[in-house]
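# Inside the fold
As a plain string of letters, each chain reads:
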Amino acid sequence: MEVVYCRVMLRVACCYRTVSYDAVAVVCGMQPFALLAEERQKIYGGILKSVARDQLTSRWQTAWENAANGRWTYCLIKDLVPWLRRQHGEVSFHLSQVLTGHGCFCEYLHPSGKPTATAVLCAGRLQTILNTQYSTATLFTTGEPKRVYTLASTSSRLTI
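Residues numbered from 1 in each chain as written. Predicted model: local features only at pLDDT ≥ 70, side-chain atom pairs only at ≥ 80, totals over all residues. Heavy atoms only, no water.

Turning to the overall build of the protein, a few remarks are in order. Of regular secondary structure, the protein possesses ten helices and two strands. In the protein, the order of α-helices and β-strands from amino to carboxyl end is α-α-α-α-α-α-α-α-α-α-β-β. Burial status across the protein gives 34% buried among its 160 residues. The contacts of the protein with a sequence gap of at least 6 include a subset with a gap of at least 24, amounting to 47%. Accessible area for the protein stands at about 10600 Å²; split by element, carbon and sulfur atoms hold 58% of it. (Helix = DSSP H or I, 4+ residues; strand = E, 2+ residues; numbered from the N terminus. Buried < 20%, exposed > 50% of the residue type's maximum accessible area, 1.4 Å probe, protein only. Contact = heavy atoms within 4.5 Å. Areas by Shrake-Rupley, 256 points an atom, 1.4 Å probe, with all protein chains shown as cover.)

Shown next as structure tokens:
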């Protein structure tokens, strides 16, 4: 059942299938299946739904902090509560690539041996997510784009 749930999360978040279960759960905002089952069991046992949801969120936060996978996503989304309660924005295909680190980046494609169409942009060095964000920010500030995105990275934190 968890495999099917993971596929649903990948579709909701528009992520590649190589994204870890932990990271895709955070990006799409869907609780991990095991924690969701425990929450439903507590609600069935008589606990208020809001109390059970708060307990689930705190257990999920603890599991997210201790997870071995999805560390790039963790650098960007450390606290789950503001991410889950945001009232704006949707996760698109391109945003999911930035949030997970899986996508059209030389750093991601190089170990897999896949040829890259962006190899020209790498300029002799391995293209990473951070220098792609810097290049994108420069591109959008120097020209007149149709849509303007502000990307600023400070150490390992990204503000979009």
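Turning to the packing of aromatic side chains, a few remarks are in order. Following the criterion strictly, the structure yields three aromatic pairs and no others. Taken together, a centroid distance of 5.8 Å and an interplanar angle of 65 degrees make the contact between Trp64 and Tyr74 edge-to-face. Taken together, the residues Trp64 in helix α4 (residues 49-66) and Tyr74 in helix α5 (residues 71-76) connect sequence positions ten residues apart. Pair check on accessibility: Trp64 and Tyr74 agree, each one buried. Over the aromatic face of Trp64 sits the side chain of Arg71, whose NZ or CZ is 5.7 Å from the ring centroid. Note that Arg86 overlies the ring of Trp83, its terminal NZ or CZ placed 3.9 Å from the centroid. (Phe/Tyr/Trp six-rings, centres within 6.5 Å; stacked < 30°, edge-to-face > 60°. Lys NZ or Arg CZ within 6 Å of the ring centre and 35° of its normal.)

Counting 26 residues, the largest nonpolar core has Met9, Cys15, Val24 and Val26 as the members making the most contacts within it. Contributions of two or more residues to this core are made by α1 (2-13), α2 (21-28), α3 (33-44), α4, α5 and α6 (80-85). A total of six residues in this core trace back to one element, the largest contributor, which is α2. Once you skip the residues sitting within four places of it in the chain, Met9 turns out to touch Tyr21, Val24, Ala25, Cys28 and Met30. (Core = buried A, V, L, I, M, F, W, Y, C linked by side-chain atoms within 4.5 Å.)

Before going further, it helps to spend a moment on the pattern of salt bridges. If you walk through the whole model with that rule in mind, you get three salt bridges. For Glu39, the salt bridge is made with Arg40, and the minimal N-O distance between the two is 4.0 Å. A salt bridge links Arg53 to Glu39, with the shortest nitrogen-to-oxygen separation between them at 2.7 Å. Taken as a pair, Arg53 in helix α4 and Glu39 in helix α3 lie far apart in primary sequence, 14 residues in all. Its relative accessible area of 29% is what places Arg53 among the partly exposed residues. Within this structure, Glu39, Arg40 and Arg53 form a network of salt bridges that share partners. (Salt bridge = Lys/Arg side-chain N within 4 Å of Asp/Glu carboxyl O.)

With that out of the way, let us pick up the side chain of Gln31. Tracing the backbone shows Gln31 in the loop between α2 and α3. Beyond its immediate sequence surroundings of up to four residues, Gln31 is in contact with Tyr5, Leu36, Arg53, Leu56 and Trp60.

This part is about the state of the cysteines. Here a disulfide denotes a covalent bond joining the sulfur atom of one cysteine to the sulfur atom of another. Taken as a whole and assessed by the stated rule, the structure comprises zero disulfides. Cysteine Cys15 shares no disulfide, and the gap to the nearest cysteine sulfur, in Cys14, comes to 7.4 Å. Given the relative accessible area of 13%, Cys15 is considered buried. (Disulfide = S-S within 2.5 Å.)

Everything listed here is a matter of coordinates, which is why it stays silent on function.
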